[in-house]
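Survey of secondary and tertiary structure
Read off the chains here:
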Amino acid sequence: MVDYSFSLLTFEYFLLILVRISCFIYIAPFFGMQNAPGRIKIGLSFFISLLLYQLVPRESLGYTGIVGYSIIVLKEGITGLLIGFAANICNSIILLAGNLIDMNIGLSMATEFNPQMKMQASVSGNFYSYLVMLLLISTNMHHYILRAISDTYQLIPINGQVFQWDHLLQGMITYMINLFVIAFRCILPVFACIMILNCILGIMAKVSPQMNMFAVGMQLKVLVGLVIMFLTIGLFMNVSNFIFDEMKRTMVSIIKGMYEN
């Protein structure tokens, strides 16, 4: 039987659940996009918290006064923000790959606002970012993200956070290493073709110095880069798998850094 009767104690639990979920929704990928209406985020956070209210075990919070309760609220907010941030930063992998591609083909000066990361990004970075977002929805990865924040109450109960900063720092260092490795894997076809094109242009500059290779090279780099991006778009599913696997690994690493084994 579902019981949604609230007392003072249960209402305190509901508010703490709402704080963790709302902080997670605010920063999580897909759910926390800048162009998503704020009322949708608030309503989604409220209804998810209402569903979890029946499942989260209610134990004694053990606080004294408003200051003690405020500390618990702060810890719940930090927990939600860290888990959402762990999922959200993995989108920077594809943005870095797009920036490196545009730097090689000559489109790095053209930037657009990315509503997901709330920053200016290159044209290729935005293009790949939206593709990753579509694949995230089509593969139900957003369900996995919601299920992950819901399952954290089994490992990290309310007021049960034990922040292991060394473990959290090690997880972020591992992510930064994987960031450059995966991003370079994404741009490897374009990088290899542009490097070959640069070698060809260098040879032609020596063979026929009267030609303006700088003007010719700019146009050729854009053309070759766009052709390679078109030919390799079918491999983007494998790229998204790398990004989603890194998203799962980073979220698990951050969650492990907030509870005592």
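My aim in this report is to walk through the structure given alongside it, one point at a time. Source: prediction; values computed, not measured. (Residues numbered from 1 in each chain as written. Predicted model: local features only at pLDDT ≥ 70, side-chain atom pairs only at ≥ 80, totals over all residues. Heavy atoms only, no water.)

**Considering the nonpolar core**
- Core analysis: the largest hydrophobic core is formed by 57 residues, its most contacted members being I21, I158 and M247.
- Tallying contributions element by element places helix α7 (residues 165–207) first for this core, with nine residues.
- Dropping the residues within four chain positions of it, I21 is found in contact with S45, I48, S49, L52, I149 and Y153. (Core = buried A, V, L, I, M, F, W, Y, C linked by side-chain atoms within 4.5 Å. Buried < 20%, exposed > 50% of the residue type's maximum accessible area, 1.4 Å probe, protein only. Helix = DSSP H or I, 4+ residues; strand = E, 2+ residues; numbered from the N terminus. Contact = heavy atoms within 4.5 Å.)

**What about the side chain of Q161?**
- Here Q161 shows up in the loop between α6 (141–155) and α7.
- Side chain to side chain, Q161 and E76 meet in a polar contact 2.7 Å long.
- A polar side-chain atom of Q161 sits 3.1 Å from a polar atom in the side chain of T79.
- With residues up to four places along the chain from it excluded, the contact list for Q161 reads R20, K75, E76, T79, I156 and M258. (Polar contact = N/O pair within 3.5 Å; in protein donor to acceptor, adjacent residues only side chain to side chain.)

**Overview of the packing of helix α4 (residues 91–105) against helix α9 (residues 236–256)**
- The geometry of α4 relative to α9 is characterised by a closest axis approach of 9 Å and an angle of 135 degrees between their N-to-C directions. With respect to α9, the element α4 is oriented oblique. Listed contacts from α9 to N91, I93 and I94 of α4 are F236, V239, I243, E246 and M247.
- Along the lines of polarity and charge, the residues of the contact of α4 with α9 split into six nonpolar, one polar and one charged. (Axes fitted to C-alpha atoms, helices over the stretch in contact; angles between N-to-C directions. Parallel < 35°, antiparallel > 145°, perpendicular 65-115°, else oblique. Nonpolar A, V, L, I, M, F, W, Y, C, P; charged D, E, K, R; others polar.)

**Things to note about the packing of aromatic side chains**
- A complete count under the given rule lists eight aromatic pairs for this structure.
- Summarising the aromatic geometry, the rings of F30 and F31 are spaced 5.2 Å apart at their centres and angled 70 degrees between planes, so their arrangement reads as edge-to-face.
- Classification of F30 by relative accessible area gives partly exposed; the value is 29%.
- Residues Y128 and F236 carry aromatic rings whose centres are separated by 5.1 Å and whose planes lie at 10 degrees to one another, so their mutual orientation is stacked. Of this pair, Y128 sits in helix α5 (residues 123–138) while F236 sits in helix α9, and the two are 108 residues apart along the sequence. In terms of burial, Y128 and F236 fall into one category: buried.
- Grouping aromatic residues by their ring pairs yields a cluster made of F14, F46, F47 and Y53.
- Between R20 and the ring centre of Y153, over which it is positioned, the NZ or CZ distance is 4.2 Å. (Phe/Tyr/Trp six-rings, centres within 6.5 Å; stacked < 30°, edge-to-face > 60°. Lys NZ or Arg CZ within 6 Å of the ring centre and 35° of its normal.)

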